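Residue-level listing of the chains:
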Amino acid sequence: MKKLNYLFLFLFVFIACKKTIETPTKEPQIGLVTKNAMVVSARIEASKIGSDIMKKGGNAFDAMVGTELALAVAYPYAGNLGGGGFMVYRKANGDIGAIDYREKAPLASTKNMFLDANGEIIPEKSTIGAMAVGVPGTVAGVFEVHEKLGTLPIEDILIPVIELAKKGVVVTEKQEKRIKEYQPLFPKANKDSILFDKTWKTNDTIKYHALAQTLERILYYGRDEFYKGKTAKLLAKFIQDNGGIITVEDLAKYEAKWRTPITFNYDDLKIISMSPPASGGVCLAQIMKMVEPFDLSEYGHNSVKAIQVITEAERRAYADRSYFLGDPDFVNIPIKRLIDEAYLNERMSDFSFEKATLSSDVSYGNIEIVESDETTHYSIVDPFGNAISATTTLNGAYGSKLYCSELGFFLNNEMDDFSSKPGQPNMFGLIGAEANSISPEKRMLSSMTPTIVEKNGKLFMSVGTPGGSTIITSVLQTILNVHEFGMTMQDAVNAPRFHHQWLPDEIRMEPNSFDKTVINQLEKLGYFINEKVSPIIGKVDGILVLDDNSYEGGADRRGDDTAVGF
């Protein structure tokens, strides 16, 4: 009998050991941890400039200006002077706010400007070349932030950026691939050869002399140099010479705009995100409120049930996005109703774990009322406790591909983010309606979702990402990864991501990242899985406040993203 007991004990220990060997516990990956301040952005050069500004005594808003303009130098793929963006902030005393420096449609814009005589969309007219360009907002945005919230003299912020442009930026392996991939499109937009037509290899240094000169004029003459000075005249003439319609009047009339962020609660978190014309805050609120009643942590990270719940909430939120959202200065958006709990419970009432809902069966919600893949995001927390979350873009990779060699920067193709023809998809497959139709001086709808999270009344997280239509869902999953699944910031950022946007009716998944059993089960339930068009879903940069009040930076492995702090 004793021998039998020993045998059972041996078998138990053997099975337990075998199980342990087969499923080793993965050690959590922790990002850079600092005590005082941190910047996480797409390039180490920009993160370092932002961090150094705070070392000099500057705050998060000073660092924002330096980081944003350094990205225009170090990351021309999406960093910009010729684009725009959004920033959400939370001050140390709990005050919150947001600024919209989104591009605007030129005064000469018309609703049907990208349609032919038969009312059909003219291929590439809204994506490549001068007609695709919206009036840029970046310079106005950063100067507005500096004037209202900054503390350091502007020269302390801009001189390091100008020096970076003159010294040059080393080409990374990922940057070499990006330039090579998009080079065939540059001649379509540009009459003459440009800096990026050259064969740039990893470890080469690109010097941006023309951009340095532009930044020097802006330093000397201020914000109005870009919108009313020599730069404005050169820019307007260049755009018109290349067939565009932006004028000096368009530039002179441009103003960034302070907005009230979207705020909502999820468990013990308070989410502070961007309001329209960014769709991110409203959609994020809708999705999170729709998934809140479900026990995601019990289901498990990227399990069949968790993916089902999140997918079905995303499907319904993106259907509403397409119909209701646009520029709030032009259309009446029922935000309170869209993020109302009763409305969202009703939206999810036909969801079943037994089978997929068809997108063809999901319209926008019953409410009566009287975007870029190649964006870039950065998060900053300063030694004083202020935090910002900012997302900036040219829309497509290198924007419209139109490069002003005299001024040293690419111009956006944000006009594609309007509904060129309501009901027709844009370059990201997003369907738009009348609320986002083209109108002079109107700001186009965006998916950008710069977000700050509080927990129990204290700063908890700053997070955001590029990724066009996948921005909202990437931010969502990163917050859930930390809150529901107990991940570190770095693990939350690195985790495989999936995405659903109502139309097309498919779950996009990062290839070779999800359990095949899970994919098979989802397909049996009627979900179409697409791993081919989603090699990368977002490049999240986030900062998490740890229990000891230090900061963990999560810099996405999918890019050259880097956290720097002290």
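Residues numbered from 1 in each chain as written. Predicted model: local features only at pLDDT ≥ 70, side-chain atom pairs only at ≥ 80, totals over all residues. Heavy atoms only, no water.

The name that an unreviewed UniProt entry assigns to the chain is Glutathione hydrolase proenzyme, with the source organism given as Litoribaculum gwangyangense. Check the Sequence similarities (unreviewed entry) section of the UniProt entry for the chain; it says "Belongs to the gamma-glutamyltransferase family." Recorded in UniProt under Subunit (unreviewed entry), the annotation for the chain is "This enzyme consists of two polypeptide chains, which are synthesized in precursor form from a single polypeptide." (UniProt positions renumbered as here; feature names shortened; annotations may be inferred.)

Peer 1: Help me understand the sheet that holds strand 17 (residues 507–509), please; the structure alone is not making it clear to me.
Peer 2: Pairing between the strands of a sheet is mediated by backbone hydrogen bonds and can be parallel or antiparallel. Strand order in the open sheet made by the three strands is 16-17-18, with mixed pairing throughout. Pairing within the sheet leaves two strands with one partner each, and these edge strands are strand 16 (498–499) and strand 18 (529–530). (Pairing = 2+ DSSP bridges. Helix = DSSP H or I, 4+ residues; strand = E, 2+ residues; numbered from the N terminus.)

Peer 1: How should I be thinking about the confidence of the model for the chain in this particular structure?
Peer 2: Where the model shows low pLDDT, its predicted coordinates should not be examined in detail. Here the chain shows a mean pLDDT of 93. Residues at 70 or above account for 93%. Contacts of residues 1–23 to residues separated by more than four positions or lying in other chains number zero contacts, the stretch itself having pLDDT below 50. (pLDDT = per-residue confidence, 0-100. Contact = heavy atoms within 4.5 Å.)

Peer 1: Is there a simple way to think about the pairing of strand 19 (residues 541–545) in this case?
Peer 2: Moving residue by residue along a regular strand, the side chains alternate between the two faces of the sheet. Judged by how many residues are buried, strand 19 sits mostly within the fold: five of five residues are covered. Residues Asp541, Ile543 and Val545 line one face of strand 19 and the alternating positions Gly542 and Leu544 line the opposite face, and both faces are buried. Across four bridges, strand 15 (residues 458–464) lies against strand 19 in antiparallel orientation. Across the sheet, residue glycine 464 finds its bridge partner in strand 19, namely aspartate 541. One ladder, built from five bridges, connects strand 19 with strand 20 (residues 551–555); its direction is antiparallel. Opposite aspartate 541, over in strand 20, you have alanine 555 as the bridge partner. What sits between the antiparallel neighbours strand 19 and strand 20 is a turn of five residues, in which asparagine 549 has the positive phi angle 70°. (Buried < 20%, exposed > 50% of the residue type's maximum accessible area, 1.4 Å probe, protein only.)

Peer 1: Hey, could you run me through the packing of aromatic side chains in this one?
Peer 2: The relative placement of two aromatic rings is captured by the distance of their centres and the angle of their planes. What the rule picks out here adds up to 24 aromatic pairs. Relative to tryptophan 258, the ring of tyrosine 89 lies with its centre 6.3 Å away and its plane at 85°, an arrangement referred to as edge-to-face. Of this pair, tyrosine 89 sits in strand 3 (residues 84–90) while tryptophan 258 sits in strand 7 (residues 257–259), and the two are 169 residues apart along the sequence. For tyrosine 89, a relative accessible area of 7% puts it in the buried group. The class of tryptophan 258 is partly exposed, set by a relative accessible area of 25%. (Phe/Tyr/Trp six-rings, centres within 6.5 Å; stacked < 30°, edge-to-face > 60°.)

Peer 1: Hey, could you run me through helix 4 (residues 138–149) in this one?
Peer 2: It helps to recall that an α-helix has 3.6 residues per turn; residues three or four apart then point in one direction. Helix length check: helix 4 (12 residues) gives 16 Å between terminal C-alpha atoms against 16 Å at 1.5 Å per residue, within 8%. Buried residues dominate helix 4, accounting for nine of its 12 residues. When helix 4 is considered as a whole, its buried residues turn out to be Thr138, Val139, Ala140, Gly141, Val142, Phe143, Val145, His146 and Leu149. (Expected span 1.5 Å × (residues − 1).)

Peer 1: Just to check I follow, could you spell out the sheet that holds strand 21 (residues 562–565) for this structure?
Peer 2: Read across the sheet, seven strands follow the order 7-4-3-11-10-2-21 without closing on themselves; strand pairing throughout is antiparallel. Of all strands in the sheet, those with a lone pairing partner are strand 7 and strand 21, marking the two edges. For this sheet the average axis-to-axis angle between neighbouring strands, irrespective of direction, equals 15°. Examined bridge by bridge, strand 3 and strand 4 (residues 96–101) share six bridges and lie antiparallel to one another. Paired with methionine 87 across the bridge in strand 4 is isoleucine 99. Across the sheet, helix 3 (residues 60–74) touches strand 2 (38–41), strand 3, strand 4, strand 10 (375–381) and strand 11 (387–393), and the angle it forms with strand 10 is around 155°. The strands touched by helix 4 are strand 3, strand 4, strand 7 and strand 11; relative to strand 4, the strand with the most contacts, the crossing angle is about 150°. (Axes fitted to C-alpha atoms, helices over the stretch in contact; angles between N-to-C directions.)

Peer 1: I keep staring at the side chain of glutamate 312 and nothing clicks. Help me out?
Peer 2: For glutamate 312, the location among the structural elements is in helix 14 (residues 304–324). Assessed through its relative accessible area of 0%, glutamate 312 is described here as buried. One polar contact links glutamate 312 to arginine 315, side chain to side chain, over a distance of 2.8 Å. Discounting chain neighbours no more than four positions away, the residues touching glutamate 312 are Met348, Phe351, Ala356, Thr357 and Tyr527. (Polar contact = N/O pair within 3.5 Å; in protein donor to acceptor, adjacent residues only side chain to side chain.)

Peer 1: It is not clear to me how the packing of helix 3 against helix 5 (residues 154–167) should be interpreted in this structure. Could you clarify?
Peer 2: Axis angle and axis distance: for two packed helices, these are the angle between their axes and the distance between the axes, and together they describe the pair. Following both chains from N to C, one finds helix 3 and helix 5 inclined at 15°, their axes separated by 9 Å at the closest point. In this view, helix 3 runs roughly parallel relative to helix 5, as classed from their interaxial angle. Crossing geometry of helix 3 relative to helix 5 is assigned as right-handed. Residues Asp62, Val65, Gly66, Leu69, Ala70, Val73 and Ala74 of helix 3 form the contact with helix 5, whose participating residues are Ile154, Ile157, Leu158, Val161, Leu164 and Ala165. Taken together, the residues of the contact of helix 3 with helix 5 sort by class into 11 nonpolar, one polar and one charged. (Parallel < 35°, antiparallel > 145°, perpendicular 65-115°, else oblique. Left-handed = near helix turned anticlockwise from the far one by under 90°. Nonpolar A, V, L, I, M, F, W, Y, C, P; charged D, E, K, R; others polar.)

Peer 1: Help me understand the packing of helix 12 (residues 280–291) against helix 17 (residues 471–483), please; the structure alone is not making it clear to me.
Peer 2: One can describe the packing of helix 12 onto helix 17 by two numbers: an axis separation of 10 Å at closest approach and a directional angle of 50°. Classified by the angle between their axes, helix 12 and helix 17 sit oblique to one another. For the crossing formed where helix 12 meets helix 17, the hand is right-handed. Here Gly280, Cys283, Leu284, Ile287 and Met288 of helix 12 come into contact with helix 17, specifically with Ile472, Val475, Leu476, Ile479 and Leu480. Class assignment of the residues belonging to the contact of helix 12 with helix 17 gives a composition of nine nonpolar, one polar and no charged.

Peer 1: Just checking my understanding: could you explain helix 12 for this structure?
Peer 2: Helix length check: helix 12, at 12 residues, gives a terminal C-alpha distance of 16 Å against a target of 16 Å (1.5 Å per residue), a fit within 8%. Helix 12 sits mainly inside the fold: 12 of its 12 residues count as buried. The set of residues buried in helix 12 consists of Gly280, Gly281, Val282, Cys283, Leu284, Ala285, Gln286, Ile287, Met288, Lys289, Met290 and Val291.

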